[in-house]
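# Report on the structure
Chain by chain, the residues:
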Amino acid sequence: QVQLVESGGGLVQPGGSLRLSCAASGFTFSRYSMRWYRQAPGKERELVAGITSAGDNTNYADSMKGRFTISRDNAKNTVYLQMNSLKPEDTAIYYCNVVWWSRVYWGQGTQVTVSS
């Protein structure tokens, strides 16, 4: 059974940093690309960043480039999202995602709130 468990969210001041983690189980983690999405109140879920199975290629939404870094540790079955220079508009629930056997799996999400 595929499980994705996000952690690391919280309240941070503008300009601050957070590191999110997503622990995966139930599938061969090292064989699959992983993605982070986010959903702000009243808005659609949007792609934040993606990383290939070996971690050798990454992609980012334009508004996150240069501020966010996605990485993974295949030995720990975990994908990370390092978020720097956070802005109030980054406030959202952050989800990790995997497509396994053509089915999309989501974690429960972790809340990130950027506010002074």
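For the structure, see preceding data.
This text gives an overview of the structure that appears in the document. (Residues numbered from 1 in each chain as written. Predicted model: local features only at pLDDT ≥ 70, side-chain atom pairs only at ≥ 80, totals over all residues. Heavy atoms only, no water.)

### Let's talk about the pairing of strand 8 (residues 78-83)
Our working definition: For every residue, the accessible area obtained with a 1.4 Å probe (protein chains only) is divided by the maximum for its type, and the residue is called buried under 20%, exposed over 50%, and partly exposed between those limits. Note on conventions: DSSP H or I runs of at least 4 residues are helices, E runs of at least 2 residues are strands, and numbering of each starts at the N terminus. By the convention used here, strands pair only if DSSP detects at least 2 bridges between them.
Counted residue by residue, strand 8 has five buried out of six residues, so it is predominantly covered. As judged from the six bridges shared by strand 3 (residues 18-25) and strand 8, these two strands associate in the antiparallel manner. What sits directly across from S21, in strand 8, is Y80. With six bridges joining them, strand 7 (residues 68-73) and strand 8 adopt antiparallel strand pairing. Bridged to T69 within strand 8 is Q82. Between strand 7 and strand 8, which pair antiparallel one after the other, the connecting turn spans four residues, and N77 there sits at a positive phi close to 55°.

### Regarding the environment of Q13
Spelled out, the test is: Any two residues whose heavy atoms approach within 4.5 Å at even a single point are treated as in contact.
Take Q13: it is sitting in the loop between strand 2 (10-12) and strand 3. The class for Q13 is exposed, based on a relative accessible area of 55%. Through-space distance from the C-alpha of Q13 to that of D56 is 32 Å; in sequence the pair is 43 residues apart. Not counting the four nearest positions on each side in its chain, Q13 is found in contact with V114 and S115.

### Description of the pattern of salt bridges
Note the following rule: Salt bridge, as used here, is a side-chain nitrogen of Lys or Arg placed within 4 Å of a carboxyl oxygen of Asp or Glu.
Applying the stated criterion across every chain, the model contains four salt bridges. Notably, a salt bridge pairs K65 with D62, separated by 3.2 Å at the nearest N-O pair. When its relative accessible area of 65% is taken as the criterion, D62 is described as exposed. Three or more residues joined by partner-sharing salt bridges are found here, namely R38, E46, R67 and D90.

### Points about the pairing of strand 3
Bridging between strand 1 (residues 3-7) and strand 3 involves five bridges; their strand directions are antiparallel. Bridging from a neighbouring strand, E6 pairs with C22 of strand 3.

### Here we look at the packing of aromatic side chains
Short version of the rule: Any pair of Phe, Tyr and Trp rings, taking the six-membered ring for Trp, is counted once the centres come within 6.5 Å. Such a pair is stacked with planes under 30 degrees apart, edge-to-face with planes over 60 apart, and tilted for the rest.
According to the stated counting rule, one finds five aromatic pairs in the structure shown. Taking the centre distance of 6.2 Å and the plane angle of 85° together, the rings of Y95 and W106 count as edge-to-face. In this pair, Y95 sits in strand 9 (residues 92-100) while W106 sits in strand 10 (residues 103-106), placing the two residues eleven residues apart along the sequence. Of the residues examined, Y95 reaches a relative accessible area of 10% and is grouped as buried. Exposure remark for W106: the relative accessible area of 35% places this residue in the partly exposed category. With a centroid separation of 6.2 Å and an interplanar angle of 65°, the aromatic rings of W100 and Y105 are classed as edge-to-face.

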